[in-house]
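The chain contents come next:
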Amino acid sequence: MTVVQVLGVLGSPHRHGNTELLLDRFLEGALSAGGEVEKVVLTDLQYRPCKGCNACHKTGVCVLHDDAIPLIERMAGIDCCVIASPIYSMGITAELKGLIDRGQYLWAQRWILKTRPEQLADPSCRRGVFLSTAGLSKETVFDAALPVMTAFFHGLGFAEFDRLTVNGMDQFGGIEGHPTALGEASVLGASVVRDLQSQCSVRP
């Protein structure tokens, strides 16, 4: 059986809150299905925001040297990349948006310089997942986050991504009060790993 590597990236500055619990349950499900899991917490890293200098449009390389680029490269090469963020002010967190902006060099490599290897030949062999929670019960609360995540996953080389978005945290008193969310996250984690195991030879 192939070993599916799963990388979870927590974009929430609030530790052990709704979003991290959702991510942890996803990773537990992935582990139960035979996945090899790891979690990275963005607030544990040191990185600066994008300068908007566009140097990467000419060189394909970011001029800033910190924790952002090694993490982005790992995300771009992993079998399953799971990105989790709560909704703050109708969008993703500043920590996650700062990381995403630093991925501009991926866009430059892929679509301007055309130097990055194409990784979309067999999209069934790689899977992106977006997990998110929101206090509001409005169904539109995730609308601003999804285009940003779509662009980032495409830059990372994922043709598409699954998502589990859970609103109404205020109503339910937190994720543990929601009747289905944590169970759904566990099931999704297991199903993603099993799909990758069955659909392609990810890694011997």
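Structural notes, computed from the coordinates. (Residues numbered from 1 in each chain as written. Predicted model: local features only at pLDDT ≥ 70, side-chain atom pairs only at ≥ 80, totals over all residues. Heavy atoms only, no water.)

Quick notes on the environment of Met149
Locating Met149 in the fold gives a position in helix α6 (residues 145-156). Take Met149: its relative accessible area is 0%, and that puts it in the buried class. Between the C-alpha atoms of Met149 and Phe26, which are 123 residues apart in sequence, the distance is 18 Å. In contact with Met149, other than residues within four places in its own chain, are Ile83, Ile92, Leu96, Ile100, Phe130 and Phe161. (Helix = DSSP H or I, 4+ residues; strand = E, 2+ residues; numbered from the N terminus. Buried < 20%, exposed > 50% of the residue type's maximum accessible area, 1.4 Å probe, protein only. Contact = heavy atoms within 4.5 Å.)

Brief notes about the sheet that holds strand β4 (residues 127-133)
Spatially, β2-β1-β3-β4-β5 is the arrangement adopted by the five strands of the open sheet, whose pairing is parallel. Each edge of the open sheet carries a strand with a single partner, namely β2 (36-41) and β5 (161-166). Taken pair by pair, the neighbouring strands of this sheet meet at an average axis angle of 15°, ignoring direction. Pairing geometry for strand β3 (residues 80-86) and β4, over seven bridges, is parallel. When the bridges of β4 are listed, Val82 appears paired with Val129. Packing against the sheet, helix α1 (residues 18-32) makes contact with β1 (5-10), β2, β3, β4 and β5, and its axis sits at approximately 175° to β1. (Pairing = 2+ DSSP bridges. Axes fitted to C-alpha atoms, helices over the stretch in contact; angles between N-to-C directions.)

Observations concerning the nonpolar core
Counting residues in each nonpolar core, the largest one holds 37 residues, and the members touching the most others are Met75, Ile83, Leu99, Phe130, Met149, Phe153 and Leu156. Elements with a minimum of two residues in this core: β1, α3 (68-77), β3, α4 (94-102), α5 (104-112) and α6. Beyond its immediate sequence surroundings of up to four residues, Ile83 is in contact with Val9, Met75, Leu96, Val129, Phe130, Leu131, Met149, Phe152 and Phe153. One finds Val4, Leu23, Leu27 and Val193 within the second-largest nonpolar core, a separate group that totals 27 residues. (Core = buried A, V, L, I, M, F, W, Y, C linked by side-chain atoms within 4.5 Å.)

Thoughts on the environment of Ala68
In this structure, Ala68 sits in helix α3. Residue classification places Ala68 among the buried positions, given a relative accessible area of 0%. For the pair formed by Ala68 and Pro179, sequence separation is 111 residues and the distance between their alpha carbons is 36 Å.

A look at the pairing of β4
Within β4, seven of the seven residues are buried, leaving the element largely enclosed by the surrounding structure. Burial of β4 is two-sided: the residues Arg127, Val129, Leu131 and Thr133 facing one way and the residues Gly128, Phe130 and Ser132 facing the other way are all buried. Where β4 and β5 come together, six bridges link them in parallel fashion. Bridge pairing in β5 places Val129 opposite Asp162. The parallel pair β4 and β5, bridged by α6, forms a crossover whose chirality is right-handed. (Right-handed = clockwise from strand over helix to strand, strands pointing away.)

Focus: the pattern of salt bridges
Applying the stated criterion across every chain yields a total of eleven salt bridges. The salt bridge partner of Glu38 is Arg74, with a shortest N-O separation of 2.5 Å. With Glu38 in strand β2 and Arg74 in helix α3, this pair connects stretches of sequence that are 36 residues apart. Overall, the relative accessible area of 38% leaves Arg74 in the partly exposed class. Connected through shared salt-bridge partners, Arg15, Glu20, Asp24 and Lys39 make up one network. (Salt bridge = Lys/Arg side-chain N within 4 Å of Asp/Glu carboxyl O.)

Digging into a nonpolar patch on the surface
Together, Trp107, Trp111 and Ile112 make up an exposed nonpolar region whose accessible area comes to about 310 Å². As for its position among the elements, Trp111 is in helix α5. Relative accessible area serves as the criterion here: at 42%, Trp111 is assigned to the partly exposed category. (Patch = residues over 30% accessible without salt bridge, like charges linked within 9 Å, V, L, I, M, F, W, Y side chains within 5 Å. Areas by Shrake-Rupley, 256 points an atom, 1.4 Å probe, with all protein chains shown as cover.)

Digging into the layout of surface pockets
Size it by volume and the largest pocket reaches roughly 220 Å³. For the lining of the largest pocket, the secondary structure elements donating two or more residues are α4, α5 and α6. No other element matches the five residues that α6 contributes to the lining of the largest pocket. Residue composition of the lining of the largest pocket, by class: seven nonpolar, four polar and two charged. Estimated volume of the second largest pocket: approximately 160 Å³. Around the second largest pocket, the lining comprises 13 residues; the ones closest to its centre are Asn18, Thr19, Pro86, Tyr88 and Thr133. Top element by residues in the lining of the second largest pocket is α1. It accounts for three residues. (1 Å grid on protein atoms, 1.4 Å probe; cavity = no way out; pocket = protein on both sides within 12 Å on 5 of 7 lines; lining within 4 Å. Points joined across faces, edges and corners; volume = space filled by probe spheres on them. Nonpolar A, V, L, I, M, F, W, Y, C, P; charged D, E, K, R; others polar.)

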